[in-house]
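Chains, contacts and geometry: an overview
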Amino acid sequence: MLFFQEESIKCDGCGRCQVACSFGLMAGLPAQDQGLPKLRRPLLWLDEIESKRRISICRHCELPLCVDACVSGALWVDHASGTVRVHQNQCIGCYSCVMECPFGAIRILSPLEETSTDGVVLKCDGCLNYLAPLCVMFCPKGALKAAKGALVMAAKRRRQRATLVARTTGSSGPIGDIVKDHG
Amino acid sequence: MLRTMAKYVIVGNSAAGLAGVKAIRSQDPFGEITVISEEKHSPYSRVLLAPYIAGHIKIQDLFPEDQDLMVRLKVNQLIGNRAIAIHPAHRTVELETGQAIPYESLLLATGGRPVFPKDLLAGIKGIAGFRTLDDADNIRRQAMAGAKIAILGGGLVGVKLACALHEAGNSPDMIVSSPHLLSQVSDDEGAGLVQQHMERHGIRIRCGVEVLRIIQDPAGGLKSIVLSSGEEEPCQLLVVCKGVRPNTALVDRLLSTPSGIPVNSRMQTALPNIYAAGDVARTYDLTRKESRLMPIWPHAVAQGRIAGLNMAGEKIRYRGSLPRNALEILGLPFISMGIVQPPAQEEWAVFTDPQRNSYQKKVYFRGKLVGAVLVNRVEAAGRLQAEIRSAAGDGYEHDLERRN
């Protein structure tokens, strides 16, 4: 499983992760599609939240709310690589996933914007062609971390989830509308 | 001793019913699952009907599951069969054919049906609702034949249908009785942007107008409609999009169901071993702090799953519903959640950020976020939803207290 951890205290919002992401997306493309003018849109964002720049990046959740919300079957969980992925040609651009993702990690290209070679829906693809995600490799502050491998995951993910839940909800229990009842 | 095989019966074959089936099968590989459905189609996505009319997707893409899912999950399908009564004493569901289907636990996922104003009776040729695949096929066929179409109602369904018809090359008229579009899910400023955008594309929208009566041609078809503004509009098809009413007929005799079947956090109704989920179930609204109907697709899926898990013996609770809608209106994104039009009282605070072509509004109650409207700048939607949910906590805590 791929897993991201973002330590916002360390992040100073330099944006190198975005640059690395943009360039990384060109790998493997034919030569005429490479180079600065053909730079692709990054699949992670820096957003101003409570007057601090924060990284919005997909966490490749185990039970992703975006996949639950997807009405056209475009978003799916790739269990082999442990990532949440998109079938671009199936997306109808309904914004349901944008509304659900608590990390703000999915964007949809509005047809009102200029057309581009990018897909309809933009989200982290997990850099599966690389040894580690490029944003992590290029972060000078070590604010982003990633881990691969199913076994490391379980424990780490549980811990991350617990801190996240504590931070965003001030209570225990998963985000979303389901609660496991121990009563 | 081995337990005999459990018998699960599910009435309804859409979002909640299908989610229920999958949840039951995930816990109980052997139980006998029977699905009773009035509609003759395999489960399809109602959300995709508008893109289907618009011509963005093909009919085979309406079915989110592959056709043999029900076979793989070993489900007895009684499709094209209507359930007409429940006998809790005998634990059976009675079908129109007279057959009685025994159950050990029963899920009512019967959904809703479009509301028709009393004086515009349904069934007249040329007046239709927009809910099922058959409705969509009918509208699509008429749109292709070049019929003049009017849409009554300016809610989400009406707006979606108007945009879909526009994209299909038909130019519909919208007749809205409220002073602005999307009056249930937006304030006038956000809706104003949407309306301008739609009008720029050539969709005619009239607000604050009712349909007084309809005029039929000699063949019995629809010829025109007379509006409260005095105008007479030619119209061959009038699509009524005035919301949905829950299909509670099965339990009306057994329960009081003023607006939907009330359920607890496990989706149980007051009747033993009978669960309800989806558009027919009345659940707790996290922002309004009351139980009501919130017929939207994601609620149906979540509730169906929870009902199914509980029917199969798990103990899973629902936290409560957060009414929310995301919409793409001819390229313009629109997202609305929770309470968007608060009363003018001291405890409520509203922050708006209107720009030339975008709009954001946040509604706070006693310092906690309870609602938002976002138009054309929607990246923050997911985070805002997480914030609303975390501020609201668990809607069914009172359920727990009662049990302890």
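Basis of the calculations
Residues numbered from 1 in each chain as written. Chains lettered and ligands numbered in written order. Predicted model: local features only at pLDDT ≥ 70, side-chain atom pairs only at ≥ 80, totals over all residues. Heavy atoms only, no water. Pairing = 2+ DSSP bridges. Helix = DSSP H or I, 4+ residues; strand = E, 2+ residues; numbered from the N terminus. Axes fitted to C-alpha atoms, helices over the stretch in contact; angles between N-to-C directions. Phe/Tyr/Trp six-rings, centres within 6.5 Å; stacked < 30°, edge-to-face > 60°. Buried < 20%, exposed > 50% of the residue type's maximum accessible area, 1.4 Å probe, protein only. Lys NZ or Arg CZ within 6 Å of the ring centre and 35° of its normal. pLDDT = per-residue confidence, 0-100. Expected span 1.5 Å × (residues − 1). Polar contact = N/O pair within 3.5 Å; in protein donor to acceptor, adjacent residues only side chain to side chain. Contact = heavy atoms within 4.5 Å. Salt bridge = Lys/Arg side-chain N within 4 Å of Asp/Glu carboxyl O. Core = buried A, V, L, I, M, F, W, Y, C linked by side-chain atoms within 4.5 Å.

1. A closer look at the sheet that holds strand E4 (residues 83-87) of chain B
Residues and elements named next belong to chain B.
- Ordered in space as E4-E5-E6, the three strands form an open sheet in which the pairing is antiparallel. The sheet terminates laterally at E4 and strand E6 (100-102), the two strands that pair on one side only. Strand after strand, the sheet turns through a mean of 25 degrees between neighbouring axes, direction not considered.
- Here four bridges tie E4 to strand E5 (residues 92-95), and the two strands are oriented antiparallel to one another. Looking across to E5, one finds that Ile-86 is bridged to Val-93.

2. Focus on the packing of aromatic side chains
All names here are of chain B.
- In total, this model carries five aromatic pairs over all chains according to the counting rule given.
- With a centroid separation of 6.4 Å and an interplanar angle of 80 degrees, the aromatic rings of Tyr-44 and Phe-63 are classed as edge-to-face. One end of the pair, Tyr-44, is in the loop between strand E2 (32-37) and helix H2 (49-54); the other, Phe-63, is in the loop between H2 and helix H3 (69-72), and 19 residues separate them in sequence.
- Given a relative accessible area of 6%, Tyr-44 falls into the buried group.
- Taken together, the ring pairs connect Tyr-284, Tyr-318 and Tyr-396 into an aromatic cluster.
- Arg-140 extends its terminal NZ or CZ atom over the ring of Tyr-52, reaching a point 4.5 Å from the ring centre.

3. Quick notes on the confidence of the model for chain B
Residue and element names in this part refer to chain B.
- The predicted model of chain B averages 90 in pLDDT, with 96% of residues at 70 or higher.
- Looking at the elements of chain B, mean pLDDT is at its lowest for helix H9 (residues 397-403), recorded as 58, and at its highest for strand E19 (residues 274-276), recorded as 97.
- Reported confidences for the modelled complex are a pTM of 0.88 and an ipTM of 0.87.

4. Regarding helix H6 (residues 188-200) of chain B
Residue and element names in this part refer to chain B.
- The end-to-end C-alpha distance of H6, which contains 13 residues, comes to 18 Å, matching closely the 18 Å that a straight helix rising 1.5 Å per residue would cover.
- For H6, every residue scored as buried is listed here: Gly-190, Ala-191, Leu-193, Val-194, Gln-195, His-197 and Met-198.
- Immediately beyond the C-terminal end of H6, within one or two residues, lies Gly-202, with a positive phi of roughly 95 degrees.

5. Some remarks on the sheet that holds strand E20 (residues 281-285) of chain B
Residues and elements named next belong to chain B.
- Strands sit in the order E18-E20-E21 across an open sheet of three strands; the sheet is mixed. Whereas interior strands pair on both sides, the edge strands pair on one side only; in this sheet they are strand E18 (261-262) and strand E21 (290-292).
- Pairing between E18 and E20: two bridges, direction parallel. Its bridge partner lying in E20, Ile-261 is registered against Ala-281.

6. Some words on helix H7 (residues 297-311) of chain B
Residues and elements named next belong to chain B.
- Compared with the 21 Å implied by 1.5 Å per residue over 15 residues, the 21 Å span of H7 between its first and last C-alpha is a close match.
- Counting buried positions over the 15 residues of H7 gives twelve, a clear majority of the element.
- Taken together, the buried positions of H7 are occupied by His-299, Ala-300, Val-301, Ala-302, Gln-303, Gly-304, Ile-306, Ala-307, Gly-308, Leu-309, Asn-310 and Met-311.
- Taken from the residues just after H7, Gly-313 is the one with a positive phi, measuring 100 degrees.

7. Concerning the side chain of Glu-100 of chain A
- Residue position: Glu-100 of chain A is located in helix H3 (residues 96-100).
- Exposure remark for Glu-100 of chain A: the relative accessible area of 7% places this residue in the buried category.
- Of note is the side chain of Glu-100 of chain A, whose polar atom sits 3.4 Å from the side chain of Gln-385 of chain B.
- Contact partners of Glu-100 of chain A, with chain neighbours within four places excluded, come to Leu-65 and Ala-69 of chain A together with Arg-324, Gly-382 and Gln-385 of chain B.

8. Section: the pattern of salt bridges
Residue and element names in this part refer to chain B.
- Taken as a whole, this structure holds 21 salt bridges over all chains when the rule is applied.
- Of the charged contacts, one joins Glu-233 and Arg-206 as a salt bridge, the two residues approaching to 2.6 Å between their closest N and O atoms. Of the two residues, Glu-233 sits in strand E15 (residues 232-234) while Arg-206 sits in strand E12 (residues 204-207), which places them 27 residues apart along the sequence. Here the two residues Glu-233 and Arg-206 agree in accessibility, since each one is buried.
- Here Asp-394 makes a salt bridge to Arg-317, at a shortest N to O gap of 2.5 Å. Residue Asp-394 is found in the loop between helix H8 (381-392) and H9, and its partner Arg-317 is found in strand E22 (residues 316-318); the two are separated by 77 residues along the sequence.
- Residue classification places Arg-317 among the buried residues on the basis of a relative accessible area of 4%.
- Linked by salt bridges that have partners in common, Lys-148, Asp-173, Arg-204, Arg-206, Glu-231 and Glu-233 make up one network.

9. Here we look at the nonpolar core
- With 56 residues, the main nonpolar core has Ile-36, Ile-86, Val-93, Leu-106, Leu-107 and Leu-108 of chain B as its most contacted residues.
- With near-sequence residues (within four places) excluded, Leu-107 of chain B lies in contact with Val-9, Ile-10, Val-11, Ala-16, Gly-20, Tyr-275, Ala-276, Ala-277, Ala-307 and Met-311 of chain B.
- Cys-94 of chain A together with Leu-161, Met-174 and Val-185 of chain B belong to the second-largest nonpolar core, a separate cluster that totals 52 residues.

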